[in-house]
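What follows is the residue order along each chain.
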Amino acid sequence: MALTGLVLFGFLIAHMLGNLQIFLGPAVMNHYAETLHGNPALLWTVRTILLISVVLHIWSSVQLSLLKKEARPIAYVKYKPVSRVGRLER
């Protein structure tokens, strides 16, 4: 789960940096867009990796949840503080 989370986070950062190039001017942004559209193999490789990462991330979260329930089938008791209404404070 950590590995797939790292892949997804890395994509998020790379995508954000690519979109932030809009502040560097239209020439830089156009070059970035042409580079992306000029490499369809790169785009489909990244899309495939992202799709596999999302599926594996969801699958591992379900597996971890099931392991947690198996390891401790009884939930923890939640703390409920006693009300202080009507008590004199010292």
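Residues numbered from 1 in each chain as written. Predicted model: local features only at pLDDT ≥ 70, side-chain atom pairs only at ≥ 80, totals over all residues. Heavy atoms only, no water.

Description of the overall build of the protein
For clarity, the threshold we go by: What counts as a helix is a DSSP run of H or I of at least four residues, what counts as a strand is a run of E of at least two, and both are numbered from the N terminus. Only the C-alpha atoms count toward the radius of gyration. The rule for a globule is 2.2 Å times the residue count to the power 0.38. Exposure classes here rest on a 1.4 Å probe applied to the protein chains alone. A residue is buried below 20% of its type maximum, exposed above 50%, and partly exposed in between.
Each helix and strand counted, the protein has 3 helices and 0 strands in total. What you see for the protein is a C-alpha radius of gyration of 24 Å, clearly larger than the 12 Å of a compact globule of 90 residues, by over 25%. If one aligns the C-alpha atoms of the protein with their principal axes, the spans along those axes are about 75 × 40 × 15 Å. For the protein, the residues scored as buried account for 7% of the 90 residues in total.

What to know about the confidence of the model for the protein
Filter applied, for reference: For every residue, the predictor assigns a confidence score, pLDDT, that lies between 0 and 100.
Considering every residue of the protein, the mean pLDDT works out to 90; 92% of them sit at 70 or more. Looking across the protein, the model is least confident in helix α2 (residues 26-37), with a mean pLDDT of 93, and most confident in helix α1 (residues 2-20), with 96.

Concerning the layout of surface pockets
Where we set the bar: Grid points spaced at 1 Å over the protein atoms alone were grouped into cavities, where a 1.4 Å probe fits but cannot get out, and pockets, open sets with protein on both sides within 12 Å along at least five of seven lines, with lining residues defined by an atom within 4 Å of a point. Grid points are joined across faces, edges and corners, and a volume is the space filled by probe spheres set on the points. Amino acids are sorted into nonpolar (Ala, Val, Leu, Ile, Met, Phe, Trp, Tyr, Cys and Pro), charged (Asp, Glu, Lys and Arg) and polar (every other residue, Gly among them).
If you add up the space inside the largest pocket, you get close to 290 Å³. Lining the largest pocket, in full, are Phe11, Ala14, His15, Tyr32, Leu36, Leu42, Leu43, Val46, Arg47 and Leu50. Elements supplying a minimum of two residues to the lining of the largest pocket: α1, α2 and α3 (40-71). The element contributing the most residues to the lining of the largest pocket is α3, with 5 residues. Here the residues of the lining of the largest pocket sort into 8 nonpolar, 1 polar and 1 charged.

Some words on the packing of aromatic side chains
Definition in use: In summary, the pairing rule links any two rings of Phe, Tyr or Trp, Trp by its six-membered ring, whose centres are within 6.5 Å, and it sorts them by plane angle into stacked for under 30 degrees, edge-to-face for over 60 and tilted for everything else. By the criterion adopted, a ring carries a charge over it if an Arg CZ or a Lys NZ lies within 6 Å of its centre and within 35 degrees of its normal.
A complete count under the given rule lists 0 aromatic pairs for this structure. When the ring centre of Trp44 is taken as origin, the NZ or CZ atom of Arg47, which lies over that ring, is 4.6 Å away. Above the plane of the ring of Tyr76 lies Arg72, whose end atom (NZ or CZ) is 3.8 Å from the centre.

Focus on the side chain of Thr4
Counted only if it meets this: The definition of a polar contact used here is a pair of N or O atoms within 3.5 Å, where within protein one atom must be able to donate a hydrogen and the other to accept one, and adjacent residues in sequence count solely through side-chain atom pairs. In this analysis, two residues are considered to be in contact whenever any of their non-hydrogen atoms come within 4.5 Å of each other.
Here Thr4 shows up in helix α1. Separated by 2.7 Å, the side chains of Thr4 and His57 make a polar contact. Once residues within four sequence positions are removed from consideration, Thr4 is found in contact with Ser53, Leu56 and His57.

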